[in-house]
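Each chain is listed here by its residues.
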Amino acid sequence: MAFWLLKSEPDVFSYADLVRVGVEPWNGVRNYQARNNLRAMREGDLCLFYHSNAKPAGVAGVARVVKAAYPDDLQFDPASPYFDPKSSQDNPRWSMVDVAPVVAFPAVLSLDTLRGLPAWTSSPLTQKGARLSVMPVTPEQFSEALQAAGVILEL
DNA sequence: GCCAACGTTGGC
DNA sequence: GCCAACGTTGGC
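Residues numbered from 1 in each chain as written. Chains lettered and ligands numbered in written order. Predicted model: local features only at pLDDT ≥ 70, side-chain atom pairs only at ≥ 80, totals over all residues. Heavy atoms only, no water.

Notes on the side chain of aspartate 17
Thinking step 1. Mapped onto the elements of the fold, aspartate 17 is located in helix 1 (residues 15-21).
Thinking step 2. For aspartate 17, a relative accessible area of 16% puts it in the buried group.
Thinking step 3. From its side chain, aspartate 17 meets the backbone nitrogen of serine 14 in a polar contact 2.8 Å long.
Thinking step 4. In this structure aspartate 17 touches Pro10 and Val12, once residues within four positions along its chain are discounted. (Helix = DSSP H or I, 4+ residues; strand = E, 2+ residues; numbered from the N terminus. Buried < 20%, exposed > 50% of the residue type's maximum accessible area, 1.4 Å probe, protein only. Polar contact = N/O pair within 3.5 Å; in protein donor to acceptor, adjacent residues only side chain to side chain. Contact = heavy atoms within 4.5 Å.)

See below:
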């Protein structure tokens, strides 16, 4: 099993929203590095659900990949802000996965706290100017985050 | 709201 | 293929 971190602005889509809807297609990713990470996900992988542009910014819970990468339908929708005229049905440029909630953290594990965890110093998340919205997380980073959040999860 | 960092676009 | 201009991200 692999671990990941997904960024979402809670004003747009929060962890509570994920709990409410049950399963969510993670569409709208339009960055190649993030897309490649989406494509590397496998069903059953676990994701830290990160609230960006929030007070505080941080991890709100854990989500599970319930469907591996498939074409993001918004790229074909001219009415969508995520429409990509250069993409084609034959060779879709953008992908998405489906995710479902696993456990909400009792409180948001803030970016500030993450920065204080040993394994997180090397994460793209804590680098200056980091904007990557889908990134890999090491097993050490994942377990440190769970521990700091006070969450026990059977893997 | 500010602004640094970064990715993308497009003229050449 | 370079690079300036521009748009977006996201912490603060």
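Now, onward.
Focus on the UniProt feature "domain: EVE" (unreviewed entry) in chain A
Thinking step 1. Mapped onto the present numbering, the UniProt feature "domain: EVE" (unreviewed entry) falls at residues 2-144.
Thinking step 2. Between the end C-alpha atoms of residues 2-144 the distance is 15 Å, and the span holds 19% helix and 34% strand. (UniProt positions renumbered as here; feature names shortened; annotations may be inferred.)

Some words on helix 4 (residues 139-149)
Thinking step 1. Considered for burial, the residues of helix 4 that qualify are Gln141, Phe142, Glu144, Ala145, Leu146 and Ala149.
Thinking step 2. One or two steps after helix 4, the chain reaches glycine 150, where phi turns positive at roughly 75°.

Considerations on the protein's contact with DNA strand B
Thinking step 1. Neighbouring DNA strand B are Asn31, Tyr32, Lys128, Gly129 and Arg131.
Thinking step 2. Put simply, 67% of the atoms of DNA strand B that lie within 4 Å of the protein are in sugar or phosphate.
Thinking step 3. Interatomic distance of 3.1 Å between a side-chain N/O atom of lysine 128 and a phosphate oxygen of DNA strand B.
Thinking step 4. Separating a base oxygen of DNA strand B from a side-chain N or O atom of arginine 131 is a distance of 2.5 Å. (Near = heavy atom within 4 Å.)

Quick look at the protein's contact with DNA strand C
Thinking step 1. The environment of DNA strand C is formed by Lys7, Tyr50, Ser52, Asn53, Ala57, Leu111, Arg115, Ala130 and Arg131.
Thinking step 2. In DNA strand C, the atoms that sit within 4 Å of the protein are 62% sugar and phosphate, with bases accounting for the remainder.
Thinking step 3. Here a phosphate oxygen of DNA strand C sits 2.8 Å away from a polar atom, N or O, in the side chain of tyrosine 50.
Thinking step 4. At 2.7 Å from a base oxygen of DNA strand C is found a side-chain nitrogen or oxygen belonging to arginine 131.
Thinking step 5. Across the surface near DNA strand C, the residue classes break down as 4 nonpolar, 2 polar and 3 charged. (Nonpolar A, V, L, I, M, F, W, Y, C, P; charged D, E, K, R; others polar.)

Regarding the pairing of strand 5 (residues 95-110)
Thinking step 1. In this structure, strand 2 (residues 24-25) lies alongside strand 5, joined through 2 bridges in antiparallel fashion. Looking at strand 5, one finds that proline 25 is bridged to aspartate 98. (Pairing = 2+ DSSP bridges.)

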